[in-house]
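# A closer look at the structure
These are the residues of each chain, in order.
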Amino acid sequence: MFEATPNVMLKPTESWRESLLDHRVMDLFFTIGDREADLIVEARKLCMSSEACVFCQLPMGRSSVPLELFEGVYVVHRKIREDSDMAQDSLQCLAQLASMHGPIFPDENAQVTYLAHLVEGLLNMINGIEIEDSEAVGIANIISNLISTFPRSVLTALPSELFGSFVNCLTLLTCSFGRSAALEEVLDKDDMVYMEAYDKLLESWLTLVQEDEHFPRGCFIQPAVQVFNSYIQCHLAAPDGTRNLTANGVSSHEEEEINELQEDDRELFSDQLASIGMLGRIAADHCIPLLTGYRLLIQEFLLSMINNRRPHVARICRLLEDRVTRLHGQLQRHQQHLMSTSDTDTGDRIVLDELYEDIHWIILVSGYLLADDPQGETPLIPSEVMEYSIKHSTEVDINTTLQLLGSPGEKPTSIPGCLTNVECLGMCPAEPATRAAALPGPQPWRQAMLQHYSSHIIQLEPGQRRLLSAVLRTSEVESRATRASLTQLLSPQMGKDIVWFLRRWAKTYLLVDEKLYGQISMPLSTAFGPDTEGAQWIVGYLLDKVINNLSVWSSEPELANDTVELLVTLVERRERANIVVQCENWWSLAKQFASRSPPLHMLSSAVQRTLMKALVLGGFAHMDSDTKQQYWAEVLHPLQQRFLNLINQENFAQICQEEVVKQEIVATLEALCGIAEATQIDNVASLFSFLMDFLSNCIGLMEVYRNSPETINLIIEVFVEVAHKQICYLGETKSMKLYEVCLMLLQVYSKNNLGRKRLDVAGEEEQYQDLLLIMELLTNLLSKEFIDFSDSDEVFRGQEQSSGGGRAVSAADVVLYGVNIVLPLMSQDLLKFPSLCNQYYKLITFICEIFPEKIPQLPEDLFKSLMCSLELGMTTMSSEISQLCLEALSPLAEQCAKTQEKDTPLFIATQHFLKLVFDMLVLQKHNTEMTVAAGEALYTLVCLHQRDAVIYQRLAEAFNGLTASSTPPTLDRKQKVAFLKSLEEFVANVNIYEMQGAIVFFPHSDSSMKMSDSDDEEPRLSAETLAALQEFYTESGRTGGSVRGDPFSVGAVEEDWRMSQFWYSEETAARLAEEVLQQAGEHGRIACVSAPSVYQKLKQLESSRSQRASTVLLEFDRRFAVYGEEFVFYDYNNPLCLPEGLLPQTFDVVIADPPYLSEECLSKVALTVQYLTKDKILLCTGATMEEHAGKLLNLKICSYLPKHNHNLANEFRCYVNYNSTLLS
């Protein structure tokens, strides 16, 4: 019943208890003989209906089919897996049975018994078979449903041996699917079935381990180790890993250039990495040392690259020894090759790239292992890591640690207790000094301190210390390599990974707040807590790292951006910022950026914006008043002074388009965005006043640069950021100032866009960025109604409050003025762009919710446009957009109820929306997630229109089970909640099928819809309900009664754009009808697939000619059922669900007009066409589909240009697979 819900949860009522809890039902899936398998084949031959069984989605047989055949339908998947269709049906059945919950279980014992039987059968089914690609997702769904549905108490009540077998099976499947998913990625497969299955199993593991207190202690440690090891192995190169290996064991280095364009791995695989990180923490004693060992190996080779020395690997894991020798030799040859020639050895570079790829994945896993993604919350050290650190805290010598940190001039070997630690890093005791002397660079203190600090980290505890130490040492290796002019050997991706890890670590571990934890690791607190030398040292080191990166990697935008994000992390918390501003390097960085000195002026705009954000955040650290004043004088005042000096020049209008001037303007606007992004509740007063001085001048720039879209977009973006970051903190007075300046901006924008038409529908979405930003600005201003932290300008206390004269500008004034700009520009073609569409519907929904009283005041054309937008969003857009539109209906209906005016356009529109919502909820497929929003809208609309006695009576009789009583519903919250609950149960417990024009209900259980006692009768709606539905369809113009005049004239049935219906012109319909008649010949057979206007013209021509042809119309719109037996209901989503009378290859010519211009739609319609046609095909679709038409049906484009009654934005063409004189 429900669209986009392939994994429907099963919640049968008590009446199914006797049937479904009978273990023999489950046995039918898990045990089968040859006789039952034969019955399935016979059943599939006899079942001709296109409808589906409630459980397995297999065709339902005729009443004459013996019951024995249908028992054969519910049989084990293992015997039917060679039939892919039946296998999918069987797996879906099992997935639903694995999700069964609710009142069907009388008690927990019944759940335990059922689950035990299900798990045992599942294990028997999986064991001993090699899982096919098509089965992976289905099996993952079964396990996912099983784990997420049944309570932990039920899982733990399973026999221990059975539960252990299940966990072992889950472990093996996860590892196997993970390896197959990695291979899919290497081979760049379109259908990533194993990746989807792997993700589902990892989610199942998360569900288990996050509630591991319910399970026996330590029961998940070994499985976690296996899954973790498998993931690491899949992402490391041979010989220790399997990355980049094809099925034949051949390494694949192809498509590197393509892969560089893909999404960043840490974003693309964030969910996977989070799951692996969680599993790694479960088995921290194994996983942290494992990662450290790999990373230390990599560091040793990077150091060897710089030092040209053979690494000391005596204490490195034996698993890596062979790889150490091979990679070391490759790196030496590569460096020597560079010394003798400038050419790059491709083979050596490939080996080095493999090494960097290893670093990449190990750092990613390490970052997720040590810290979670806080998602806007305060980042905390994971409890498992804290416990791990506490467990090993007795191994730490605090005195040695403090002595080491306090003695940067001492050799580590001279401090008692450090020798062993140095050896643990794989160095001989004398090696640190030797390396420090061998490496170039003017900062020996930092090198010595890094060595000291690495040893200090070692003493935190075995493993965790080495993860951070390894990253710090890798970072230092990178810095030394750049100083040695070996930057060309380094990987920008490795640089990104290093600063990403350091940022993630700093957010969680640096200056740890002990008040947030029940227990704290003393080594962690001593090393990284407030007022510690370790914290001060690492802040200074990270700041140096940022400055070095911005100098060396300014031409790498992504690396530079990650670097400044690390800087933001260092200053976004006041405690860390207090340490940062004490560093001389910080002040040097601020002065250098403010003066636009190289290389900072070469950074990308986005990086400069974030850098300004960091500098502003740092300015609010603890400083005395003189120091703070000096800081702002060096950071913000130069920005303001340069801007004013530039725009106040007498010849600014003449020089404004010069490249140097535009660059200065763009840099200033980017800086303003960064300043706005730095807004916090304790600095908003200062920043708002500073920014307001700029905003008025920015409006003047709108006129100057009206023909420069990039600059206009950036100006609008400044307003967007100010509204987004500051509106929630502003009191009434300051808000009014912001509203006024935003209104001025909109007025200038409106004047500059007067009469502008957005006709380039083939253009890129970026061309409409200004429109998107205007909608974001209006939405941000509206957010004040939802999020308001102000307290009568409390944050501006002490500042002068302007009284102002005249009428104040309100948010409603600004937003409605903006709507008058946006609505005429937003065409249906522009709504095809996802960002524009989402922002547009978000905006109009907010307006309807916040200012419903303003909607009836809109001009008539804008009001109609708004209503059409809501209907379009409800009926043709995604479920997210549809839900937004539904949420907008309730406040509009409530507004009508308040005014009690029945003759207004809004009241009339709500009558139409009542029909639409009813149709959507009860008669159409829809996403289950929309049930609540649609139910609220339906309830509110019913309350509004209940005074229509006929409608209310019909609704009351049809839905007497949905309302709490027979009294008219009211807008009372209690009644609404009761209605929504009843509606959800009603929609979930009823399957609706449209069988040859009749609506049939198949209840899952007893309900208000009573079935006949006879099993032979078809269960149908009551007469009252059918009457109500008939009335709704009649009033909507969707029944046969809507045909007017000549039933075969084009347009006799009105086109409905909601179903993508656009009728041909008379000339085109006649031309196409003549063509197919000529190709079909005397007494030929013609099939019109989604081409009703051609069918109508064919019927007209029949009456005036002697030539006869047999014509059939395959159409989704049931209004055409008035044409009797020649009408066949057709849904392109089910291209081969056709009546048995439509035999394959029986039509001389097939003409098709797919309803949508998409490859998916055309490929499904193509299946229907190929099934029906003997040979000849005439396809009418957009010119953009030419390539797909040739590929799918071997068709060639014709010169003839078909026309429609209403001109379409997309060019339309005809395609044929035969020689056509009419269309050439």
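Below is a short write-up of the structure. These numbers were taken from a predicted model, which means no experiment stands behind them. (Residues numbered from 1 in each chain as written. Predicted model: local features only at pLDDT ≥ 70, side-chain atom pairs only at ≥ 80, totals over all residues. Heavy atoms only, no water.)

### Structural notes on the pattern of salt bridges
Counted by the stated rule, this structure contains 29 salt bridges. In this structure, the salt-bridge partner of Arg 266 is Asp 562, at a minimum N-O distance of 2.6 Å. Of this pair, Arg 266 sits in helix α13 (residues 265-268) while Asp 562 sits in helix α27 (residues 557-572), and the two are 296 residues apart along the sequence. Classification of Arg 266 by relative accessible area gives buried; the value is 10%. (Salt bridge = Lys/Arg side-chain N within 4 Å of Asp/Glu carboxyl O. Helix = DSSP H or I, 4+ residues; strand = E, 2+ residues; numbered from the N terminus. Buried < 20%, exposed > 50% of the residue type's maximum accessible area, 1.4 Å probe, protein only.)

### Some details on helix α29 (residues 584-594)
For an α-helix, 3.6 residues make a turn, and residues three or four places apart therefore share a direction. Within α29, the full set of buried residues consists of Trp 586, Trp 587, Leu 589, Ala 590, Phe 593 and Ala 594. Summarising the axial view, the buried residues of α29 lie within an arc of 160°, below the 170-degree limit, and thus occupy one face. For α29, the secondary structure elements touched by its buried residues are α26 (533-552), α27, α28 (574-580), α30 (605-618), α31 (625-635) and α32 (637-647). The positive-phi residue at the C-terminal boundary of α29 is Arg 596, with phi of around 55°. (Arc of directions from axis to C-beta. Contact = heavy atoms within 4.5 Å.)

### Quick word on the state of the cysteines
For the structure shown, the criterion picks out zero disulfides. As a non-bridged cysteine, Cys 885 has Cys 837 as the owner of its nearest cysteine sulfur, 8.3 Å distant. Considering cysteine sulfurs only, Cys 1180 is the nearest to Cys 1214, which forms no disulfide, with 3.9 Å between them. Cys 1214 gets classed as buried once you look at its relative accessible area, which sits at 0%. (Disulfide = S-S within 2.5 Å.)

### Quick word on the environment of Trp 361
By the element assignment, Trp 361 lies in helix α17 (residues 346-370). When near neighbours in sequence (up to four residues on either side) are disregarded, Trp 361 contacts Tyr 231, His 235, Asp 265, Phe 269 and Leu 273.

### Side note on the packing of helix α42 (residues 879-899) against helix α44 (residues 931-945)
Orientation of α42 relative to α44, taken along the N-to-C sense of each, is 20°, at an axis distance of 8 Å. Compared by their axis directions, α42 and α44 come out roughly parallel. As α42 packs across α44, the resulting crossing turns out to be left-handed. Along the contact surface, α42 presents Gln 883, Leu 886, Glu 887, Leu 889, Ser 890, Ala 893, Glu 894, Cys 896 and Ala 897, while α44 presents Ala 933, Ala 934, Glu 936, Ala 937, Thr 940, Leu 941 and Leu 944. The residue makeup of the contact of α42 with α44, split by class, is ten nonpolar, three polar and three charged. (Axes fitted to C-alpha atoms, helices over the stretch in contact; angles between N-to-C directions. Parallel < 35°, antiparallel > 145°, perpendicular 65-115°, else oblique. Left-handed = near helix turned anticlockwise from the far one by under 90°. Nonpolar A, V, L, I, M, F, W, Y, C, P; charged D, E, K, R; others polar.)

### Describing helix α39 (residues 811-825)
The first and last C-alpha atoms of α39 sit 21 Å apart over 15 residues, in line with the 21 Å expected at 1.5 Å per residue. Among the 15 residues in α39, eleven count as buried, and that is most of the element. Turning to α39, its buried residues number three or more, namely Ala 811, Ala 812, Val 814, Val 815, Leu 816, Gly 818, Val 819, Ile 821, Val 822, Leu 823 and Leu 825. Of the surrounding elements, those touching the buried residues of α39 are α37 (732-752), α38 (769-782), α40 (834-850) and α41 (860-876). (Expected span 1.5 Å × (residues − 1).)

### Here we look at the pairing of strand β7 (residues 1173-1182)
Across a regular strand the side chains alternate sides, sitting on one face of the sheet and then on the other. With seven of ten residues buried, β7 lies mostly within the body of the structure. Here strand β6 (residues 1147-1152) pairs with β7 via five bridges, running parallel. Across the sheet, residue Phe 1147 finds its bridge partner in β7, namely Thr 1173. This β-α-β element, β6 to helix α50 (residues 1159-1172) to β7, shows right-handed connectivity. (Pairing = 2+ DSSP bridges. Right-handed = clockwise from strand over helix to strand, strands pointing away.)

### Notes on the sheet that holds strand β5 (residues 1127-1129)
In spatial order, the strands read β5-β4-β3-β6-β7-β9-β8; together these seven strands make up an open sheet with mixed pairing. In the strand order of this sheet, the two ends are held by β5 and β8 (1196-1197), each with one partner. Contacting β3 (1084-1089), β4 (1109-1115), β6 and β7, α50 crosses the sheet at an angle of about 155° to β7. The sheet contacts of helix α51 (residues 1186-1193) involve β7, β8 and β9 (1212-1216), and relative to β7 the element is tilted by about 165°.

Remember that the coordinates give geometry; whether it matters functionally is a separate question.
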